[in-house]
Amino acid sequence: MPDISPYIPTNIIYTGVAGTGKTYRLLQIAKQYTDDLPRVNDEQLLAQLLQSLSWRDVVCLIFLDFKSKKQDLIKVPEIINHEFFLSKAAQNARDKNLSNTAWSVLQMHTPSSSQTVSYKNRASQAYFDKDPSGAWYLLPESIDLLGDLAQQLAEFQQVQRENSSQKQEFRQQRFSMVSFHQAYGYEEFVEGIRPVMTASEHTTNSAPQMNYAIQDGAFLKLCQRAANDPEQRYAILIDEINRANVSRVFGELLSLIEADKRAGMANAMTVNLAYSGRPFSVPANVDIYATMNTQDHSLAPLDMALRRRFRFIDCPPEPELLPMIYLNQGLEADNSATIDLAKLLAGLNKRIAQTLGLDAQLGHAFLWSVDSLEQLQTALIEQIIPQLAQAASGQITILQYIFQDEQQPICAQFIQDSQALMNDANNLANANSSNSMFTDPHAFLGQPMSASSYKINADLINNTAEFAKPFVYQRLY
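Participant: Any chance you could break down the overall build of the protein for me, citing the residues and the numbers?
Facilitator: A tally of regular secondary structure across the protein gives 17 helices and 17 strands. For the protein, the residues scored as buried account for 42% of the 477 residues in total. For the protein, the accessible surface area stands at approximately 25,200 Å², while carbon and sulfur atoms represent 50% of it.

Set out below in structure tokens:
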């Protein structure tokens, strides 16, 4: 994990082949830019809700709360025992004559036409009335006047539900994570003109209209947060930085991300942004971390100017992190019943480096979650062999060398030569010419075969024959 300096900006790119945990490093770094905030308890939430409300608002809020629970008629004791009423009284340091307060609010806000309430000092706006049984209710015409209160209540109830289901502390993220790709550009990263839907200026009944406006990108938004919070460090985390045209994505910011060019530093620089034209400099409390897959040569080469502005940290495969597979749990000391994944990956990578180069090696993540023979077979069939076949352009001799297949009978080879299989099928067909199933070489294993294609052994796929035994995989050490 990198040391986060409170004063010097950090620019780091983690490089390595696929499966070496580069993205995992970014996720671990993100934890350093995450703050655990204490949960706001229900009492604090309620105090925030009632802080600016009058007694009339509080009583109205109580009626709305009961109404949300399908209760329209309320007696005074229910009002003064409601948590909203008690909390407001506590805020006002009141513990006496609460019933009088409730009666006063209710009667003051009744209509002059009320048949059950006789009160001289009525307010101009009526909200409540009382039925002959002594139960109070909200006047239907007052509901529209309480829209803001109803919204506040709904938000309070939502936060209360979320708070009750939150088992951990709330988290505040001081980072933004993006993944570069071939179409990613300056407009997504810094700023750009993008469509926005807006309501018509002339009538509220017309359909929304599409307009275009300059909008901030991920990096610019983060920089604005960082500039407003100079005591904290912020980070932009970029996965697969060389998948995009980096010079185009960063644009004029390429000159600003150097440590001494940041705002407040010795050689601070400010530029005018391309779309808005507003002056901008990168805050010194913004760190940049990225990953780069050195194996994918089809990606855009990294600009030399950007290389000068970043530290590069190599992330090699770490086979020593991988476990052993024990085929017989009661015989853990018996080496013949184990598969050492560390040795297996190291052996594969040694031969891969000899034939395809260091950048074609396999990262330990390919076997990280493997803890059984079946999972190992799945990883080989679905991930490792297809990747190596692509890197080797399907060359059978290279693939068979990597998997130590050259001196093995065809039935024990991980990678089989389709031409050899076809020849065997033809020989078998000649020896059994009376049997119609062998007359067509394309019927072998139920699929047509190309003379230049490789084939994964069907026994490996089906976990049968030699591939159900550990010594076949020990051969890869």
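Participant: Break down helix H12 (residues 341-355) for me, with residues and values.
Facilitator: In this model H12 runs 21 Å from its N-terminal to its C-terminal C-alpha over 15 residues, within 8% of the 21 Å that 1.5 Å per residue would give. The set of residues buried in H12 consists of Leu341, Ala342, Leu344, Leu345, Gly347, Leu348, Asn349, Arg351 and Ile352. As for H12, its buried residues are in contact with strand E14 (324-326), strand E15 (338-340), helix H13 (373-391), helix H14 (396-402) and helix H17 (470-474). Residue aspartate 340 occupies the N-cap position of H12, its side-chain oxygen lying 3.0 Å from the main-chain nitrogen of alanine 342. Just downstream of H12 lies glycine 357, where phi reads positive at about 100°.

Participant: Would you mind going over the confidence of the model for the protein in detail, with residue names and values included?
Facilitator: Per-residue confidence for the protein gives a mean pLDDT of 84; residues scoring 70 or more make up 83%. Of all helices and strands in the protein, the one with the weakest mean pLDDT is helix H15 (residues 418-431) (62), whereas H12 scores best (95). Predicted confidence is poor over residues 434-451, with pLDDT under 50, and the contacts of this stretch with residues over four places away or in other chains come to 23 contacts.

Participant: If you had to explain the pattern of salt bridges to someone new, which residues and values would you point to?
Facilitator: By the definition in use, this model includes 15 salt bridges. Here aspartate 65 ties to lysine 69 by a salt bridge, and the two come within 3.2 Å at their closest N and O atoms. Of the charged contacts, one joins glutamate 191 and arginine 278 as a salt bridge, the two residues approaching to 3.5 Å between their closest N and O atoms. A residue pair is termed long-range when its members are at least 10 positions apart, and glutamate 191 in strand E7 (residues 191-198) and arginine 278 in the loop between strand E10 (271-272) and strand E11 (279-280) qualify at 87 residues.

Participant: Quick rundown of the side chain of glutamate 187? Include the residues and the values.
Facilitator: Structurally, the position occupied by glutamate 187 is in helix H8 (residues 186-189). A polar side-chain atom of glutamate 187 sits 3.4 Å from a polar atom in the side chain of arginine 248. Within the structure, the side chain of glutamate 187 is placed 2.7 Å from the side chain of tyrosine 275, a separation counted as a polar contact. Those residues in contact with glutamate 187, other than ones at most four positions away along the chain, are Gly192, Arg194, Gly217, Arg248 and Tyr275.

Participant: I'd like a description of the packing of aromatic side chains, backed by residues and values.
Facilitator: In this structure the tally under the stated criterion is 16 aromatic pairs. With 6.1 Å between their ring centres and 65° between their planes, tyrosine 33 and tyrosine 289 make a pair best called edge-to-face. Pair noted here: tyrosine 33 is in the loop between helix H1 (22-32) and strand E2 (34-37) and tyrosine 289 is in strand E12 (residues 286-293), with a separation of 256 residues, a long-range link. Across the pair, tyrosine 289 and tyrosine 33 agree in class, each one buried. Residues tryptophan 55 and phenylalanine 85 carry aromatic rings whose centres are separated by 4.7 Å and whose planes lie at 45° to one another, so their mutual orientation is tilted. Here the residue tryptophan 55 occupies a position in helix H3 (residues 55-68), and phenylalanine 85 occupies one in helix H5 (residues 83-91), the gap between them amounting to 30 residues. Taken together through their ring pairs, the aromatic side chains of Phe180, Tyr184, Phe189, Phe219 and Phe250 make up a single cluster.

Participant: Please provide a residue-by-residue account of the packing of helix H2 (residues 42-50) against H5, values included.
Facilitator: Running from amino to carboxyl end, H2 crosses H5 at an angle of 75°, the nearest separation of the two axes being 10 Å. In this view, H2 runs roughly perpendicular relative to H5, as classed from their interaxial angle. Contact with H2, carried on its side by Leu46, Ala47, Leu49 and Leu50, involves Glu83, Phe84, Ser87, Lys88 and Gln91 of H5 and no other residues of that element. Here the residues of the contact of H2 with H5 are counted per class, giving 5 nonpolar, 2 polar and 2 charged.

Participant: Can you lay out the sheet that holds strand E13 (residues 311-314) for me, pointing to particular residues and giving the numbers?
Facilitator: Within the open sheet, the 5 strands sit side by side as E6-E9-E12-E1-E13. Their pairing is parallel. Both edges of this open sheet fall to strand E6 (175-179) and E13, since each of them pairs with a single strand only. Strand-to-strand, the axes of this sheet are offset by a mean angle of 20°, without reference to chain direction. In the sheet, strand E1 (residues 11-16) pairs with E12 via 6 bridges, with the strands oriented parallel. Directly across from isoleucine 12, in E12, lies its bridge partner tyrosine 289. Strands E1, E6, strand E9 (234-239), E12 and E13 of the sheet are contacted by H1, whose axis makes an angle of about 165° with E12. Strands in contact with helix H9 (residues 218-227) are E6, E9 and E12; relative to E9, the strand with the most contacts, it is inclined by about 165°.

Participant: Explain the packing of H5 against helix H6 (residues 98-108) to me, using residue names and the numbers behind them.
Facilitator: When two helices pack together, their arrangement is given by the angle between the helix axes and by the axis-to-axis distance. Interaxial distance between H5 and H6 falls to 12 Å at its minimum, and their mutual angle equals 110°. Taken together, the axes of H5 and H6 lie roughly perpendicular to each other. Note on packing geometry: the crossing formed by H5 with H6 is right-handed. Between H5, through Phe85, Leu86 and Ala89, and H6, the contact on the second element is made entirely by Leu98, Thr101 and Ala102. Of the residues assigned to the contact of H5 with H6, the class counts are 5 nonpolar, 1 polar and no charged.

Procedures and definitions
- Residues numbered from 1 in each chain as written.
- Predicted model: local features only at pLDDT ≥ 70, side-chain atom pairs only at ≥ 80, totals over all residues.
- Heavy atoms only, no water.
- Helix = DSSP H or I, 4+ residues; strand = E, 2+ residues; numbered from the N terminus.
- Buried < 20%, exposed > 50% of the residue type's maximum accessible area, 1.4 Å probe, protein only.
- Areas by Shrake-Rupley, 256 points an atom, 1.4 Å probe, with all protein chains shown as cover.
- Expected span 1.5 Å × (residues − 1).
- Contact = heavy atoms within 4.5 Å.
- Polar contact = N/O pair within 3.5 Å; in protein donor to acceptor, adjacent residues only side chain to side chain.
- pLDDT = per-residue confidence, 0-100.
- Salt bridge = Lys/Arg side-chain N within 4 Å of Asp/Glu carboxyl O.
- Phe/Tyr/Trp six-rings, centres within 6.5 Å; stacked < 30°, edge-to-face > 60°.
- Axes fitted to C-alpha atoms, helices over the stretch in contact; angles between N-to-C directions.
- Parallel < 35°, antiparallel > 145°, perpendicular 65-115°, else oblique.
- Nonpolar A, V, L, I, M, F, W, Y, C, P; charged D, E, K, R; others polar.
- Pairing = 2+ DSSP bridges.
- Left-handed = near helix turned anticlockwise from the far one by under 90°.

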